[in-house]
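# Notes for the structure review
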Amino acid sequence: MPQSTSCTAKTPEKSGESQPQEGAKKPACKACCACPETKRVRDDCIVQFGEENCQQLIEKHRECMRQMGFNI
């Protein structure tokens, strides 16, 4: 069953990287729960091919995280 990019937890993660910028929307969940589809594909690519060969997937995951309200 595919997972959704929507979050159910309401507490943003405490690290500075996941805090929203002033005026930006507040994340609806912790960073670890956001964008599971892009995260899984990115992680599999990195394990198999190395980070340097997966930059496009890494950037897609970053874009998803930004859309969810995370400042990365």
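Residues numbered from 1 in each chain as written. Predicted model: local features only at pLDDT ≥ 70, side-chain atom pairs only at ≥ 80, totals over all residues. Heavy atoms only, no water.

Quick note on the threshold: UniProt positions are given in the numbering used here, feature names are shortened, and annotations may be inferred rather than shown by experiment.
In the nomenclature of an unreviewed UniProt entry, the chain is known as Cytochrome c oxidase copper chaperone of Orchesella cincta. Of the chain, the UniProt comment under Subcellular location (unreviewed entry) reads exactly: "Mitochondrion intermembrane space". According to the UniProt record, the Sequence similarities (unreviewed entry) comment for the chain is "Belongs to the COX17 family."

## Points about the overall build of the chain
Our working definition: Strands here mean DSSP runs of E at least two residues long; helices mean DSSP runs of H or I at least four residues long; both are numbered from the N terminus. Exposure categories follow from relative accessible area, calculated using a 1.4 Å probe and restricted to protein chains: below 20% of the type maximum is buried, above 50% is exposed, and the middle band is partly exposed. Two residues qualify as a contact provided that any one of their heavy atoms is within 4.5 Å of a heavy atom in the partner residue. Note that accessible areas follow from Shrake-Rupley with a 1.4 Å probe, and for residues the cover is restricted to the protein chains shown.
Looking only at helices and strands, the chain features two helices and zero strands. For the chain, the proportion of its 72 residues judged to be buried stands at 28%. In the chain, 53% of the contacts between residues at least 6 apart in sequence involve partners at least 24 apart. Just so you have it, the chain exposes about 5,200 Å², and 50% of that area is on carbon and sulfur atoms.

## What to know about the UniProt feature "binding site: Cu cation" (unreviewed entry) in the chain
With numbering aligned to this structure, UniProt lists the feature "binding site: Cu cation" (unreviewed entry) at Cys-32 and Cys-33. Here Cys-32 lies in the segment before helix 1 (36–49). On the basis of relative accessible area, Cys-32 is assigned to the partly exposed category, the value being 45%. Relative to the helices and strands, Cys-33 resides in the segment before helix 1. Assessed through its relative accessible area of 41%, Cys-33 is described here as partly exposed.

## Comments concerning the pattern of salt bridges
In plain terms, the rule: By convention in these notes, a salt bridge is any Lys or Arg side-chain nitrogen within 4 Å of a carboxyl oxygen on Asp or Glu.
For the structure shown, the criterion picks out three salt bridges. Where Arg-66 meets Glu-59, a salt bridge forms, and the shortest distance between an N and an O atom there is 3.1 Å. Ionic contacts of the salt-bridge type, sharing partners, join the residues Glu-59, Arg-62 and Arg-66 into one network.

## Brief notes about helix 2 (residues 55–67)
To keep things clear, this is the line we draw: Multiplying one less than the number of residues by 1.5 Å gives the expected span of a helix. Here the arc refers to the directions that run from the helix axis out to each C-beta atom.
Given a rise of 1.5 Å per residue, 13 residues ought to cover 18 Å, and the 18 Å separating the end C-alpha atoms of helix 2 matches this to within 8%. Within helix 2, burial applies to Ile-58, His-61, Cys-64 and Met-65. When helix 2 is viewed along its axis, its buried side chains cluster within an angular range of 120 degrees and face the same direction. Residues of helix 2 that are exposed and angled more than 90 degrees away from the buried face: Gln-56 and Gln-67. Buried residues along helix 2 sit against helix 1. In the stretch just after helix 2, Gly-69 is the one whose phi turns positive, near 105 degrees.

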